[in-house]
Amino acid sequence: MDELSVRGLPLAGIKVVEFCAVAAGPFCGMLLADMGADVIKVEAPGGDALRTWPPLTGGYSENFASLNRNKRSAVLDLKNPADLSLARTLVLDADVVIENNRPGVMRRLGLDFASFQQQRPGLVYCSISAYGQTGPRADEGGFDLTIQAAAGVMSVTGDPQGLPAKCGVPVSDFASGLYAAFAIAAKLAHVRAGGRGAHIDVPMFGCTLGIAALQTSEYFGSGRDPARLGSAHPRNAPYQAYQASDGYFAIAAGNHRLWVAVCEAVGLPELPEDPRFLTTTDRARHQEALKEILEIRFRERTVDDWIAVFNGAGVPHARINSYSSALADPQVVHMKWVQDLPLPGGARTRTFVSPLRLDGHGLPVRLHPPALGEHTESIRAEFSGKLKEARS
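To keep things clear, this report deals only with the structure shown in the data block. (Residues numbered from 1 in each chain as written. Predicted model: local features only at pLDDT ≥ 70, side-chain atom pairs only at ≥ 80, totals over all residues. Heavy atoms only, no water.)

Some words on the sheet that holds strand β6 (residues 96–99)
On the basis of which strands lie adjacent, the open sheet formed by six strands has the order β5-β2-β1-β6-β7-β8 and parallel pairing. Across the chains shown, the open sheet's two edge strands, defined by having one partner strand only, are β5 (71–75) and β8 (198–203). For this sheet, the mean inter-axis angle between neighbouring strands, taken without regard to orientation, is 20°. Inspection of the sheet shows strand β1 (residues 15–19) paired to strand β2 (residues 38–43) by four bridges, in the parallel sense. (Pairing = 2+ DSSP bridges. Helix = DSSP H or I, 4+ residues; strand = E, 2+ residues; numbered from the N terminus. Axes fitted to C-alpha atoms, helices over the stretch in contact; angles between N-to-C directions.)

Below, the structure written as structure tokens:
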């Protein structure tokens, strides 16, 4: 798989200033950078807090590296008038600003959308916050855990009789970053067509409710709160994880044809005629009984055996992979999604690159994740002329 050149990337030439830390905002910035945008990450003197998160390789955070490739880092003390002036100059030169501070912080600094709207009518300004820029909860902070709790995710995650559990992947952070990147790209297309810029308000709370469309629609349609089902599905069966003799695997028989194929594969061809399992709705209603019947067969053989059986039967299936196993999957290797990544100071690691392809080409890692303030002086020099113009 060849990688695209920078000039072939759809956001080549787009300038982005990122005033973000930890996950949602930096992920959004990286998505734009992967697509070719020139992203300047503005960090406080202490740096993005994610820089301290282990594991550390050569003293550098692997977590930070995973969200900040293809960016430049400038350390600016926004309480310092000279640094604040440079920050304003960066914004005036930019096409896009991303910030994930609490509402009001950027306004107090004079770096909010309204401060630039007249001078930069085409500016796309994206604010990511816990609950949005206005409303009764706008002043509240939030992290992925508290947003998952507030938005209902923890009420449907885990086993039916289990304690409240969050999704193991920080879905609120990353869904919000995805919503933000999508909105920015859409608005950039509008600006390129002659339209005006805009202030994009990305509330993590709303984004997390937005990706729960199946759960919210279940409530709207039934008046009942969706419940925890473990790995099971509220409207499909067999569609969950099952126990074999040596571990677990998942199958998803999402239609009647696949249901019949499952029955034939496990040697129970009469099961589709059972009155409890005639339709998808019937099977979902009686899925605990169905699970007991199927697992009697599944426990007779190994995971490897059942993977081979369902592969031959054409039934969607998967092992319950660890991340080490998932990253070693032959499809990951074929797509070249895991690549070496140099770190500041000479250390090297591996990273999962953008999974996207454009015309069969992967998106390149053009810049290693930056050291704190690695590009501060070069950026000062790059913008020194514009700073002098602003002062005159």
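Observations regarding the packing of aromatic side chains
In this description, an aromatic ring pair is defined by two values, namely the gap between the centres and the angle between the planes. Tallying each qualifying case throughout the model produces 13 aromatic pairs. Considering the side-chain rings of Tyr 60 and Phe 64, the 5.9 Å spacing of their centres and the 75° angle between planes classify their relative orientation as edge-to-face. For the pair formed by Tyr 60 and Phe 64, the shared burial category is buried. An angle of 75° between the planes, with centres 6.0 Å apart, marks the rings of Phe 298 and Phe 310 as edge-to-face. You can see Phe 298 sitting in helix α11 (residues 287–298) and its partner Phe 310 sitting in helix α12 (residues 303–313), a full 12 residues away along the chain. Every member of this aromatic cluster is reached through a ring pair, and the members are Tyr 242, Phe 249, Phe 298, Trp 306 and Phe 310. Arg 301 extends its terminal NZ or CZ atom over the ring of Trp 306, reaching a point 5.0 Å from the ring centre. (Phe/Tyr/Trp six-rings, centres within 6.5 Å; stacked < 30°, edge-to-face > 60°. Buried < 20%, exposed > 50% of the residue type's maximum accessible area, 1.4 Å probe, protein only. Lys NZ or Arg CZ within 6 Å of the ring centre and 35° of its normal.)

A few points about the nonpolar core
With 29 residues, the main nonpolar core has Val 16, Cys 28, Leu 32, Val 96, Ile 98, Ile 128 and Ile 184 as its most contacted residues. At the level of secondary structure, the elements contributing two or more residues to this core comprise α1 (24–34), β6, β7 (124–129), α6 (171–192), β8 and α7 (204–210). Excluding anything up to four places from it in sequence, Ile 98 contacts Val 16, Val 17, Glu 18, Phe 19, Cys 20, Gly 25, Cys 28, Gly 29, Leu 32, Cys 126, Ile 128 and Ile 184. Ranked by size, the runner-up nonpolar core spans 24 residues in total, among them Ile 251, Ala 253, Trp 306 and Ile 307. (Core = buried A, V, L, I, M, F, W, Y, C linked by side-chain atoms within 4.5 Å. Contact = heavy atoms within 4.5 Å.)

A short note on the sheet that holds strand β11 (residues 317–319)
Strand order across the open sheet formed by three strands is β9-β10-β11, with antiparallel pairing between neighbours. The sheet terminates laterally at β9 (239–243) and β11, the two strands that pair on one side only. When the angles between neighbouring strand axes are averaged without regard to direction, this sheet yields 25°. Relative to strand β10 (residues 248–252), β9 runs antiparallel, the two being bridged by five bridges. Directly across from Gln 240, in β10, lies its bridge partner Ile 251. Sitting on the sheet, α11 touches β9 and β10, and the angle it makes with β9 is about 40°.

Quick word on α1
α1 sits mainly inside the fold: 10 of its 11 residues count as buried. Those residues of α1 that fall on the buried side of the exposure criterion are Ala 24, Gly 25, Pro 26, Phe 27, Cys 28, Gly 29, Met 30, Leu 32, Ala 33 and Asp 34.

A few points about a nonpolar patch on the surface
Together, Val 169, Tyr 323, Leu 327 and Phe 352 give the surface a local cluster of nonpolar side chains, amounting to about 400 Å² of exposed area. Along the chain, the position of Leu 327 falls in helix α13 (residues 323–327). Under the relative-accessibility criterion, Leu 327 is labelled partly exposed at 41%. (Patch = residues over 30% accessible without salt bridge, like charges linked within 9 Å, V, L, I, M, F, W, Y side chains within 5 Å. Areas by Shrake-Rupley, 256 points an atom, 1.4 Å probe, with all protein chains shown as cover. Salt bridge = Lys/Arg side-chain N within 4 Å of Asp/Glu carboxyl O.)

Focus: the side chain of Gln 339
Secondary-structure assignment places Gln 339 in strand β12 (residues 338–342). Here Lys 336 takes part through its backbone oxygen, which lies 3.0 Å from a polar atom of the side chain of Gln 339. (Polar contact = N/O pair within 3.5 Å; in protein donor to acceptor, adjacent residues only side chain to side chain.)

Topic: the pattern of salt bridges
Note on pairing: side chains with opposite charge can pair once their charged atoms come close. Applying the stated criterion across every chain yields a total of 18 salt bridges. Glu 18 is the partner of Lys 41 in a salt bridge, and the nearest nitrogen-oxygen pair spans 2.7 Å. Here Glu 18 lies in strand β1 and Lys 41 lies in strand β2, a separation of 23 residues in the sequence. Comparing Lys 41 with Glu 18, the two get one shared label, buried. In this structure, the salt-bridge partner of Glu 43 is Arg 51, at a minimum N-O distance of 2.7 Å. Glu 43 gets classed as buried once you look at its relative accessible area, which sits at 2%. Residue Arg 51 is classed as buried on the basis of its relative accessible area, which comes to 15%. When salt bridges that share partners are traced, they join Glu 18, Lys 41, Asp 48 and Lys 71 into one network.

Purely geometric numbers; function is a separate question.
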